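Notes for the structure review
One letter stands for each residue in the lines below.
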Amino acid sequence: MKKNIYTLSLVLIFASCTSQTKLGKPEVNSIEVQKTYLDWRNYQKDNIMLSQDFVPLDTNSKEITKETFLNVLSEGNYIPIRLESDMDVFYYKLFKIEATSDTSIKASISEVAFNEIQNYKKEAEPFPEFSFKDLNGNLITNENLKGKIVVIKCWYIHCAACLKEFPDVNQLVEKYKNRKDIVFISLAEDSPEQLKPFLVRSPLSYSVVPNMKTYMNLTLQLNAFPTHFIINKEGLIVKVLSDSKSLEVALAKASKD
């Protein structure tokens, strides 16, 4: 009997150990990537997407909440580095900013993290009530979008980052063109007189709603552009995202739920 208990204990201990996630190494050297602001910007642009779902880790590789992780980054003393992984899940770990690092790294991380905190807090909240008319005169309201997944892009004509992602978001519309339960709407700060000739030169496949500056600034309380919202069929905000790459990943998940 004692032998059986001992054997069972070993099995349970082994199972517990093997069930823990084995974390990979940092995919870049945390000191090397801070040598110049350009080094950091290039790495962050392609590898760190704080809008996405990820597993946040502190400096000791202990899992923490996403809000805690973002709050630490907003203080400007740490950078996030992605760990190597053969899984679909991203693991981001905090590393100390070097004293000799360019101060622009600290400033940019702090700003990005602050904006992401504001976006994260909006998730799971009802999207504010609205009644808009797009450039074609179509009425768009909470009521007539019930039962649909709504993707909203917030932008303005002179936002270079907003315009750069036009090809990507247009491809996203094309990808989901047969999904009648997914609607793409864009809110633009600019007037119809500004938007109509501009969109002839730079087409956007979304429905475009003009004169939305006050609504975006005061009602949505946006701090940065572009900003993307995914709203579920119950009218709740699923995700608030700052780039089209993160939007693509999040929409793929939301469209399956």
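Note that the coordinates shown come from a computational prediction; the quantities given were computed from them, not determined experimentally.

Basis of the calculations
- Residues numbered from 1 in each chain as written.
- Predicted model: local features only at pLDDT ≥ 70, side-chain atom pairs only at ≥ 80, totals over all residues.
- Heavy atoms only, no water.
- Core = buried A, V, L, I, M, F, W, Y, C linked by side-chain atoms within 4.5 Å.
- Buried < 20%, exposed > 50% of the residue type's maximum accessible area, 1.4 Å probe, protein only.
- Contact = heavy atoms within 4.5 Å.
- pLDDT = per-residue confidence, 0-100.
- Phe/Tyr/Trp six-rings, centres within 6.5 Å; stacked < 30°, edge-to-face > 60°.
- Helix = DSSP H or I, 4+ residues; strand = E, 2+ residues; numbered from the N terminus.
- Disulfide = S-S within 2.5 Å.
- Pairing = 2+ DSSP bridges.
- Axes fitted to C-alpha atoms, helices over the stretch in contact; angles between N-to-C directions.

Side note on the nonpolar core
Judged by nonpolar contacts, the single largest core of 47 residues is most densely connected at Trp155, Leu187 and Phe229. Among all residues touching leucine 187, those that are not within four sequence positions of it are Phe132, Ile152, Lys153, Cys154, Trp155, Val209, Met212, Tyr215, Met216 and Leu220. The next biggest cluster of nonpolar side chains, apart from the first, holds 22 residues, and it includes Trp40, Leu73, Ile105 and Ile117.

Considering the confidence of the model for the chain
Averaged over all residues, the pLDDT of the chain equals 91, while 91% of them reach at least 70. Within the model, pLDDT remains below 50 along residues 5–20, and this stretch shows zero contacts once partners closer than five positions in the same chain are excluded.

Side note on the packing of aromatic side chains
Applying the stated criterion across every chain yields a total of twelve aromatic pairs. Measuring from ring centre to ring centre gives 5.1 Å for phenylalanine 132 and tyrosine 215, while their planes differ by 85°; the resulting arrangement is edge-to-face. Here tyrosine 215 lies in helix α8 (residues 213–219) and phenylalanine 132 lies in strand β4 (residues 131–133), a separation of 83 residues in the sequence. Since its relative accessible area comes to 6%, phenylalanine 132 is described here as buried.

Topic: the state of the cysteines
Taken as a whole and judged by the stated rule, the model has one disulfide. Residue pairing for cysteine 159: its cysteine sulfur links by disulfide to cysteine 162, the two sulfurs lying 2.2 Å apart. Classification of the bridge connecting cysteine 159 and cysteine 162 rests on its S-S torsion, roughly 80°, and on that basis the disulfide is right-handed. For the pair cysteine 159 and cysteine 162, one class covers both residues: buried. Here cysteine 154 is not disulfide-linked; the sulfur of cysteine 162 is the nearest cysteine sulfur, at 9.1 Å.

So, the sheet that holds strand β2 (residues 78–82)
Read across the open sheet, the three strands follow the order β1-β3-β2; overall the sheet is mixed. If you trace the sheet from one side to the other, it starts and ends with β1 (55–57) and β2, each paired once. Across this sheet, the average inter-strand angle for adjacent strands is 30°, counted without regard to direction. Pairing analysis gives three bridges linking β1 to strand β3 (residues 91–96), with the strands arranged parallel. The partner of leucine 57 across the bridge, within β3, is lysine 93.

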